[in-house]
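# Chain and residue survey
The chain contents come next:
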Amino acid sequence: MKTAIPWLERVPSLDILDLRDVQQISREILDRLAADRMLLTQLVDEIPDDPERLANSRVTLLLNRLSLYQAEDRGFEIRMNMNPRLDNQLVPHDHCYAFSTRILTGGYVHVVRRRTDSGEGAFTRADLAPGIVTVERPASAYTLGHPMVHQAVMVPDTVTLFVRGPRRKPFSNAVADMMPARDSWPAAAEPGDEPAESRPATLAEYRQMRSYLARRHLID
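What comes next concerns the included structure. Here the residue index of a chain counts from 1 through its sequence in written order. Only residues with pLDDT of 70 or above have their local features reported here, since the model is predicted, and side-chain atom pairs are shown and tallied only from 80 upward, although totals for entire chains, interfaces and linings are computed over all residues. Hydrogens are left out, water is left out, and the side-chain values use all remaining heavy atoms of the structure.

### Here we look at the side chain of threonine 160
- Secondary structure elements follow DSSP: runs of H or I no shorter than four residues count as helices, runs of E no shorter than two count as strands, and numbering proceeds from the N terminus. Among the structural elements, threonine 160 can be located in strand E9 (residues 159-164).
- Classification of threonine 160 by relative accessible area gives buried; the value is 2%.
- Those residues in contact with threonine 160 that lie beyond four places of it in its chain are Arg79, Met80, Asn81, Thr101, Arg102, Ile103, Leu104 and Tyr108. Type-normalised accessible area, obtained with a 1.4 Å probe on protein chains alone, sets the label of each residue: buried when under 20%, exposed when over 50%, and partly exposed for intermediate values. The contact rule is simple, with two residues in contact once any of their heavy atoms fall within 4.5 Å.

Written as structure tokens, this is what we have:
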């Protein structure tokens, strides 16, 4: 059962359109959580007792993630991302929502692309032009809106905190002919199931992620 965290319960809604306001609210969440290992430990340890957070803790073709806190009534979720699949990081993609992220360990080359088409719906590599390239290191953070296309080429052992806002479009998009091959997708959770781009983590996988974070001294 989710424990009430007074300051998290007071975070205002992220169901807002001004990206500067989204950035300000999200950055406060990320900075405060990054500095509080006791609270991070508590949020990670609560996941098995919270069916919604366990279902939203996922194994994906890009990385693994834990759902630390959900506030659907205020339009946001806090996640912790880890276990980057290094060979699968190159595909340019967007998201269904605005989001903010903060690097805890590791880092990556972050590439933001500029769309040269209408800017709506699916896109191909021909619709993308060079944009901004940055090097993200521990303690750096940024915010992107849902129309933005990016790539995050992570180094091993990168762990990030991530705050996503409410869904703004039905689907996210990625360059189809650059998608990782199916043999690199996460293995099925149950024998006989097909591999999936993203699926809920099993309880055993949750425990592996918890151990991974503890070994890196991010939680107790």
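### Observations concerning the pairing of E9
- Most of E9 sits out of view: six of its six residues are buried.
- Residue alternation in E9 divides its side chains into two sets, Val159, Leu161 and Val163 and Thr160, Phe162 and Arg164, and both sets are buried.

### Some details on the layout of surface pockets
- Only protein atoms enter the 1 Å grid, on which a cavity is a set of points fitting a 1.4 Å probe that cannot get out and a pocket is an open set with protein on both sides within 12 Å along at least 5 of 7 lines, lining residues being those with an atom within 4 Å of a point. Grid points are joined across faces, edges and corners, and a volume is the space filled by probe spheres set on the points. A volume near 1,100 Å³ is recorded for the largest pocket.
- Lining the largest pocket we find 40 residues, and of these Leu62, Arg65, His95, Tyr97 and Ser172 sit closest to its centre.
- For the lining of the largest pocket, the secondary structure elements donating two or more residues are strand E2 (64-71), strand E3 (76-82), strand E4 (99-105), strand E8 (149-154) and E9.
- The element that contributes the greatest number of residues to the lining of the largest pocket is E8, accounting for four residues.
- Each residue is assigned to one class: nonpolar for Ala, Val, Leu, Ile, Met, Phe, Trp, Tyr, Cys and Pro, charged for Asp, Glu, Lys and Arg, and polar for all the others, Gly among them. Looking at side-chain class alone, the lining of the largest pocket contains 17 nonpolar, 15 polar and eight charged residues.
- Looking at the second largest pocket, its volume works out to about 160 Å³.
- Leu14, Ile16, Leu17, Leu19, Val22, Ala98, Gly145, His146, Gly165, Pro166 and Arg168 are the residues that line the second largest pocket.
- Of the residues in the lining of the second largest pocket, the class split is seven nonpolar, three polar and one charged.

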